[in-house]
Each structure stands twice: as structure tokens, then as C-alpha cells.
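One-letter residues, chain by chain:
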Amino acid sequence: MIKNRYIRFDWAAKYMLRNKADFAIFEGLISVLVKEKVTIVELLDTESNKERHDDKYNRVDIKAKNSKGEIILVEIQQTREYDYLQRMIYGVAKAITEHMNSGDAYRNVKKVFSINIIYFNMGEGEDYLYHGQATLKGVHTNDSLKLTDYERDDLHVLSPEQVFPEYFVIRVNVFDKPTVNGWLEEWMDYLKNERINPDTTAPGLQEARKRLDLLRMTDAERRRYEHDIDTLVRDTDVMRTQLLEAEIKGRKKGLAEGREKGLAEGREKGLAEGRAEGRAEGAGEAKRENARRMKADGMPAELIAKYTGLDVNEIESL
């Protein structure tokens, strides 16, 4: 049963929010993240421009272009993928090359925002939102590389940061705040709990309240929605179970290999110690045999001890 009033954002993004009237919802989330007003001029169809059937790029859920011509990728991922960081880089690189015509000057390369909304644990850290961008720092001086006046005029950018991609990773499951304050936290509360404050002023959320109200769904739409969410939950549980089983299997295999390696190392150590002990016993017996011969020839015990290293009392007992 659905207990929340509003449709989940990931489902809505895939099946509902594709019309220009819905752009305000995406614009609101993106504007809150990049901290400036963003206007989306179009949603780009990722299915029509994929190169082959198994092209991983078709897994990008939302691909948009803002009023500056910059590309915005919004990826919503429910299940764990260990190579997710590589996927982020791949998506950015593909977006750049797809929107460059053959023979275009490099000055036409557009900046890309990669926004990744993930519902699985990735990496270690206490925050639910991580943001990063390549910066060029002096190795010896630690200063930032800046553009000359000529370069700024020619390229129409003020700094390298206006060219390099920006990455946002939103770890939805990590968000856990009983009191929601601020636009970002209001968006996080919706992404995780499907809750929207009726009095919200957060960009995009009032539009989401109107568009994504469950009560506006027809019975057929709601049945499909419930089925899809139930399937998603079941598939996620299966994936988690498989990961847990693989982890347990890996630990058992590691323990078995560790025991076998320990036994092998123990056997090798025992052989080495045995050889060393045998050599020591052989050397001691040789010393005692020499001492017997010296003693039989009438050599004093003190002199025999000097040459053999044996104790005088041991020599006298031979």
C-alpha cells in the first residue's frame, strides 16, 4: 500500500515529467543545487541518440539543456553499482562529444553538470550531498590558474571553472533530519520520504505538489504505480540479498584460503626450524667427538674447552 501523498521523484522523472510544463520541477531542484536560477529549454531524448543497443549512456534518466546551452545530466540510481564513479565520467564525456559537430572549434564545448541521486551506499562519509569540480592548482605555489584578459574575451568564460564539469552526488539514504530547514533539506525530505510542506517556498516543490499528488492519478495509473514500486522494492531486496550472500561467501573463501596459507607457512617454518635444529645438533656432536679425541690424547679440559667451546664439566663427563 502507498502511504505517502506524493509520487516518488524517480518514478515521476521516468514516466511523467517530460512536458515543458513540468520543467519547473527539475529547474527547482537543479537551481537549489547549483545556487543560481536555471532555466531548462529542452529535455533531450537519450534513447534516440544512443549508438547501439547496449550503450550504457541510455541509462541517464534526465538530460537537459539550460538557457546558456550547458548540459545537465540527472541520474537516479536505486541499486548498487561498484563502477558508478566511472559511469559518471562516461556520461559526462559522452554528453560533451554528442553535442559537438564534426569540425567544431573546442571553444564550443559546453559545460556539463552531472547530478547523481543515488539510493544506495557509496563510499564513506557523513554528508548526504557531495560536490566536486576539477581545479588547476600550482604544484609549488598552490595558486589557482587564471585566464588572461584576451582568453576571457575570446572564450567568453571568466575562469576554468566555467568550463570544467561539476559533479553532485546526493546520497538519499544518508539524509536523516527530523527537523527540515532550508530549501535543500525540503527537497531531500521529498526525495527520501515523498513529503512536501504545503507552505514550501523551495523552487520546484509547489509545482511538484500540484503535479505529483497521488490523488490526481486515475485508478489505472495508480495500479501501475503501485506495481512498479512493489517491483522496485522486491528487486532491491533481491539485490541486497545477493550482495550479502556474495560478501559472506567472500569472507568464507578468504578464511579458507587464509587457513591453507597458514598451514603451508607453518609446514615451511617447521621444516626450516627442523633443518636448523638438525644442523645445530650435528655441529654439537662433532664438537663432542673432537673433545673425546683431545681428551684421549691427554689434553687438559680447560684447553679442550678453549678450542671446542664446550663446557669444562661436559668435557670431563665424556
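Residues numbered from 1 in each chain as written. Predicted model: local features only at pLDDT ≥ 70, side-chain atom pairs only at ≥ 80, totals over all residues. Heavy atoms only, no water.

Visitor: Looking at this model, I keep getting lost on the sheet that holds strand β4 (residues 112-118). Mind explaining?
Guide: Either a parallel or an antiparallel arrangement is found when strands of a sheet pair, and the pairing is made through backbone hydrogen bonds. Strand order in the open sheet made by the six strands is β1-β2-β3-β4-β6-β5, with mixed pairing throughout. Each end of this open sheet is capped by a strand with a single partner; those strands are β1 (40-43) and β5 (129-133). Strand-to-strand twist in this sheet, taken as the mean axis angle between neighbours without regard to direction, amounts to 20°. Here helix α3 (residues 84-98) sits on the sheet and contacts β2 (62-66), β3 (71-77), β4 and β6 (166-171); the angle it forms with β3, its principal contact strand, is near 150°. (Pairing = 2+ DSSP bridges. Helix = DSSP H or I, 4+ residues; strand = E, 2+ residues; numbered from the N terminus. Axes fitted to C-alpha atoms, helices over the stretch in contact; angles between N-to-C directions. Contact = heavy atoms within 4.5 Å.)

Visitor: How do you make sense of the nonpolar core when you look at a structure like this?
Guide: The nonpolar side chains of a soluble globular protein tend to be buried, and buried together. Ile 7, Phe 9, Ile 115, Ile 117, Ile 170, Trp 187 and Leu 191 are the most contacted members of the largest nonpolar core, which totals 47 residues. Per element, the largest residue contribution to this core is eight residues, and it comes from helix α2 (residues 23-34). Those residues in contact with Leu 191 that sit more than four places away from it in its chain are Phe 9, Ile 117, Tyr 119, Ile 170 and Val 172. (Core = buried A, V, L, I, M, F, W, Y, C linked by side-chain atoms within 4.5 Å. Buried < 20%, exposed > 50% of the residue type's maximum accessible area, 1.4 Å probe, protein only.)

Visitor: Honestly, the pattern of salt bridges in this entry has me stumped. Any pointers?
Guide: Here the idea is simple: oppositely charged side chains can pair when their charged atoms come close. Across all of its chains, the model carries 15 salt bridges by this definition. Arg 195 is the partner of Asp 189 in a salt bridge, and the nearest nitrogen-oxygen pair spans 2.9 Å. Among the ionic contacts, a cluster of salt bridges with common partners joins Glu 285, Arg 288, Glu 289, Arg 292, Arg 293 and Glu 314. (Salt bridge = Lys/Arg side-chain N within 4 Å of Asp/Glu carboxyl O.)

Visitor: Whenever I open this one, α3 confuses me. Can you help?
Guide: Every α-helix winds through 3.6 residues per turn, so residues three or four apart in the chain are directed the same way. Spanning 15 residues, α3 covers 21 Å between terminal C-alpha atoms, matching the ideal 21 Å at 1.5 Å per step. For α3, the set of buried residues is Tyr 84, Arg 87, Met 88, Gly 91, Val 92, Lys 94 and Ala 95. An end-on view of α3 places all buried positions within 165° of arc, on one side of the element. Across from the buried face of α3, at angles greater than 90 degrees, the exposed residues are Leu 85, Gln 86, Ile 89 and Thr 97. Looking at the buried side of α3, the elements it contacts are β3, β4 and β6. (Expected span 1.5 Å × (residues − 1). Arc of directions from axis to C-beta.)

Visitor: What is the right way to read the side chain of Gln 77 from this model?
Guide: Of note, Gln 77 is situated in strand β3. When its relative accessible area of 7% is taken as the criterion, Gln 77 is described as buried. A polar contact of 3.4 Å, which involves the side chain of Gln 77, links it to the side chain of Arg 87. (Polar contact = N/O pair within 3.5 Å; in protein donor to acceptor, adjacent residues only side chain to side chain.)

Visitor: Would you mind going over the confidence of the model for the protein chain with me for this structure?
Guide: Low-confidence regions, as indicated by low pLDDT, have predicted coordinates that should not be scrutinised in detail. With 89% of its residues at a pLDDT of at least 70, the protein chain reaches an overall mean of 82. Across the protein chain, the secondary-structure element scoring lowest on mean pLDDT is helix α7 (residues 219-296), at 75, and the one scoring highest is β6, at 96. (pLDDT = per-residue confidence, 0-100.)

Visitor: Even after reading the chapter, I still don't get the packing of α2 against helix α5 (residues 183-193), so can you show me in this structure?
Guide: Closest axis-to-axis distance for the α2/α5 pair is 9 Å, and the angle between their directions is 130°. It follows that α2 is oblique to α5 by the angle criterion. Regarding α2 and α5, the two cross each other, and that crossing is left-handed. The residues of α5 that touch α2, namely those facing Ile 25, Gly 28, Leu 29, Val 32 and Leu 33, are Trp 183, Leu 184 and Trp 187. Among the residues making up the contact of α2 with α5, the classes are represented as seven nonpolar, one polar and no charged. (Parallel < 35°, antiparallel > 145°, perpendicular 65-115°, else oblique. Left-handed = near helix turned anticlockwise from the far one by under 90°. Nonpolar A, V, L, I, M, F, W, Y, C, P; charged D, E, K, R; others polar.)

Visitor: Looking at this structure, I do not really get helix α8 (residues 301-308). What am I missing?
Guide: Within the sequence span of α8, burial applies to Ala 301, Ile 304, Ala 305 and Thr 308. When α8 is viewed along its axis, its buried side chains cluster within an angular range of 100° and face the same direction. Of the exposed residues in α8, the ones pointing more than 90 degrees away from its buried face are Glu 302, Lys 306 and Tyr 307. In the segment just after α8, Gly 309 is the residue with positive phi, at about 80°.

Visitor: Even after reading the chapter, I still don't get unusual backbone geometry, so can you show me in this structure?
Guide: When glycine is set aside, most residues are seen to have a negative phi, and most peptide bonds are trans. Non-glycine residue Asn 142 carries a positive phi angle of around 65°. Along the chain, the position of Asn 142 falls in the loop between β5 and α4 (149-155). Despite not being glycine, Glu 194 shows a phi value in the positive range, around 55°. Its location among the elements puts Glu 194 in the loop between α5 and α6 (205-211). Judged by its relative accessible area of 10%, Glu 194 is buried.

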